[in-house]
Amino acid sequence: MKNNTVVMACDQNYFWGAYLLIASMRRNGMDNPALVLESGFTPEMKHNLLAFGDVRLEPAPMSKRNMTCRKPEAMLMADTDFITWADCDGFFVGNCSDKLSFTDPDMIHVRLRSEYDNGDIYKRAGLYEPGELFGVIPHKVLETWKRDVGGRTEPAHATCASACYVSVHKSHRPFLERWRDQMIKVLPDRDKGVFDPAGGAYFQTDESVLNSLLCFLEDAPKTGEFMLNKSRKSIYYHVVMTPKPWQWWSPYSMRYYDDVMELMRWCLSQGLVEIALPWTLDPPKRLFHKLGTPWSYAIRTRVKLRRMMK
């Protein structure tokens, strides 16, 4: 599947995320090119990723924005027929090459949230008005998006898409450019992380902007049924919560433990670990990984406090 590049972006704090994602591709026979927009990687980090083969590393130009807001910038660097973004706090199980993109070039491959998931996100963000229907995108959010996009008068979708995975045909490069430019237009020019509690209609930063375009841009690509959560033999797992497995194991992330450790054992057997391994990714330390999970709550609290002080 050399015509589909898997793209990611991260700084050195997420190096092991990029490592696991690319390793999962090669472990499962996915020969897709990989492109990493990177910031702060050491020569050793770069060497270790390049060892997987067909990996392209691009230094990220200086920016005040969080790397999550640079997804379209990274995707536009790919030169294949299809371009697939995957968050590098995720990994593939099985060979997913034939499911990365839809064969129809007019379509974008993203996961539309269920009404329950969509409603839960907006409820926790406090964006529903009294009496508003749970599950749909809040009215005041849609009004802001409609004003800022200036396209359709009615939204094309009732729920939002997750921006952790986005795959398009190269014919939608103008859409990626609009996503990039729209973020510059409506988001603060600083690092607000993945979630900005004060962001209102754009509290999910890059994801909110993506959904504003999918809802109101006249020529936005069509969506279809998400394919990478249907079969245990070909799936993309997204480890959404903090801390990540390469930082510390939590009760939540332990659901991915066996898959990650199987992946690490393969990397070690293939001689693909040429850099100091975090103790959390060292398979023989399984007992310590499990015993340490309660400490993850303290780590998560510290991260939240740090974000609030920005």
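See above for the structure.
Things to note about the pairing of strand 4 (residues 82-86)
Along any regular strand, the residues point their side chains to alternate faces of the sheet.
Thinking step 1. With 5 of its 5 residues buried, strand 4 lies for the most part within the structure.
Thinking step 2. Neither face of strand 4 is left uncovered, since the one carrying Phe82, Thr84 and Ala86 and the one carrying Ile83 and Trp85 both have all their residues buried.
Thinking step 3. Relative to strand 4, strand 1 (residues 4-11) runs parallel, the two being bridged by 4 bridges. Each bridged residue has a counterpart across the sheet, and for Val6 the counterpart in strand 4 is Thr84.
Thinking step 4. Bridge count for strand 4 against strand 7 (residues 161-169) is 5 bridges, and the pairing is antiparallel. Paired with Phe82 across the bridge in strand 7 is His169.

Some points on the nonpolar core
Thinking step 1. Core analysis: the biggest nonpolar cluster contains 49 residues, and Met8, Tyr19, Leu49, Phe92 and Val260 have the highest contact counts within it.
Thinking step 2. Per-element accounting of this core gives the leading share, 9 residues, to helix 1 (residues 15-27).
Thinking step 3. Judged by nonpolar contacts, the second largest core, of 45 residues, contains Ala60, Met183, Leu213 and Ala220.

A closer look at the pattern of salt bridges
Thinking step 1. Inspection of the entire model under this criterion finds 20 salt bridges.
Thinking step 2. Between Arg56 and Glu58 there is a salt bridge; the shortest N-O distance is 2.8 Å.
Thinking step 3. Between Asp87 and Lys71 there is a salt bridge whose closest N-O contact spans 3.5 Å. Note that Asp87 is positioned in the loop between strand 4 and strand 5 (90-93) and Lys71 in helix 3 (residues 71-75), a separation of 16 residues in sequence.
Thinking step 4. Look at Asp87 and you get buried, because its relative accessible area is 12%.
Thinking step 5. When salt bridges that share partners are traced, they join Lys71, Asp87 and Asp206 into one network.

Concerning the sheet that holds strand 1
Thinking step 1. An order of 3-2-1-4-7-6-8 is seen for the 7 strands of this open sheet, with the pairing classed as mixed. Sheet topology places strand 3 (55-59) and strand 8 (222-223) at the edges, where each strand pairs with a single neighbour.
Thinking step 2. Lying over the sheet, helix 1 contacts strand 1, strand 2 (34-39), strand 3 and strand 4, oriented at roughly 160 degrees with respect to strand 1.
Thinking step 3. This element, helix 6 (residues 173-186), spans strand 4, strand 6 (107-112) and strand 7 of the sheet and lies at about 145 degrees to strand 7.

Focus on the packing of helix 1 against helix 2 (residues 43-50)
When two helices pack together, their arrangement is given by the angle between their axes and by how far apart the axes lie.
Thinking step 1. Helix 2 packs onto helix 1 with a crossing angle of 10 degrees between their chain directions and a minimal axis gap of 10 Å. As summarised for this structure, helix 1 and helix 2 are arranged roughly parallel, according to the angle between their axes. Contact residues: helix 1 offers Phe15, Ala18, Tyr19 and Ile22, while helix 2 offers Met45, Asn48 and Leu49.

Some thoughts on the packing of aromatic side chains
Thinking step 1. Evaluated as defined, the whole model comprises 19 aromatic pairs.
Thinking step 2. Between the aromatic rings of Phe15 and Trp16, the centroid separation amounts to 5.1 Å while the plane-to-plane angle is 75 degrees, which identifies the pairing as edge-to-face.
Thinking step 3. The exposure class of Phe15 is buried, given its relative accessible area of 0%.
Thinking step 4. Judged by its relative accessible area of 9%, Trp16 is buried.
Thinking step 5. Aromatic side chains Tyr237 and Tyr256 sit 5.4 Å apart centroid to centroid with 55 degrees between the ring planes, which places their arrangement in the tilted category. Here Tyr237 is found in strand 9 (residues 235-238), whereas its partner Tyr256 is found in the loop between strand 9 and helix 8 (257-269), with 19 residues between them in sequence.
Thinking step 6. Taken together through their ring pairs, the aromatic side chains of Phe15, Trp16, Tyr19, Phe41 and Phe52 make up a single cluster.

Some remarks on the packing of helix 1 against helix 8
Thinking step 1. Where helix 1 meets helix 8, the axes come as close as 10 Å, and the angle between the chain directions of the two elements is 75 degrees. In terms of orientation, helix 1 and helix 8 fall into the roughly perpendicular class. Contacts between helix 1 and helix 8 involve Tyr19, Leu20, Ala23, Ser24, Arg26 and Arg27 from the first element and Val260, Glu262, Leu263, Met264, Trp266 and Cys267 from the second.
Thinking step 2. Looking at the contact of helix 1 with helix 8 residue by residue, the classes come out as 8 nonpolar, 1 polar and 3 charged.

Re the environment of Lys64
Thinking step 1. For Lys64, the position within the fold is in the loop between strand 3 and helix 3.
Thinking step 2. Sequence spacing of Lys64 and Phe195 is 131 residues, and the spatial spacing of their C-alpha atoms is 16 Å.
Thinking step 3. With residues near it in sequence (within four places) discarded, Lys64 still touches Asp189, Arg190 and Asp191.

Analysis parameters
Residues numbered from 1 in each chain as written. Predicted model: local features only at pLDDT ≥ 70, side-chain atom pairs only at ≥ 80, totals over all residues. Heavy atoms only, no water. Buried < 20%, exposed > 50% of the residue type's maximum accessible area, 1.4 Å probe, protein only. Helix = DSSP H or I, 4+ residues; strand = E, 2+ residues; numbered from the N terminus. Pairing = 2+ DSSP bridges. Core = buried A, V, L, I, M, F, W, Y, C linked by side-chain atoms within 4.5 Å. Salt bridge = Lys/Arg side-chain N within 4 Å of Asp/Glu carboxyl O. Contact = heavy atoms within 4.5 Å. Axes fitted to C-alpha atoms, helices over the stretch in contact; angles between N-to-C directions. Parallel < 35°, antiparallel > 145°, perpendicular 65-115°, else oblique. Phe/Tyr/Trp six-rings, centres within 6.5 Å; stacked < 30°, edge-to-face > 60°. Nonpolar A, V, L, I, M, F, W, Y, C, P; charged D, E, K, R; others polar.

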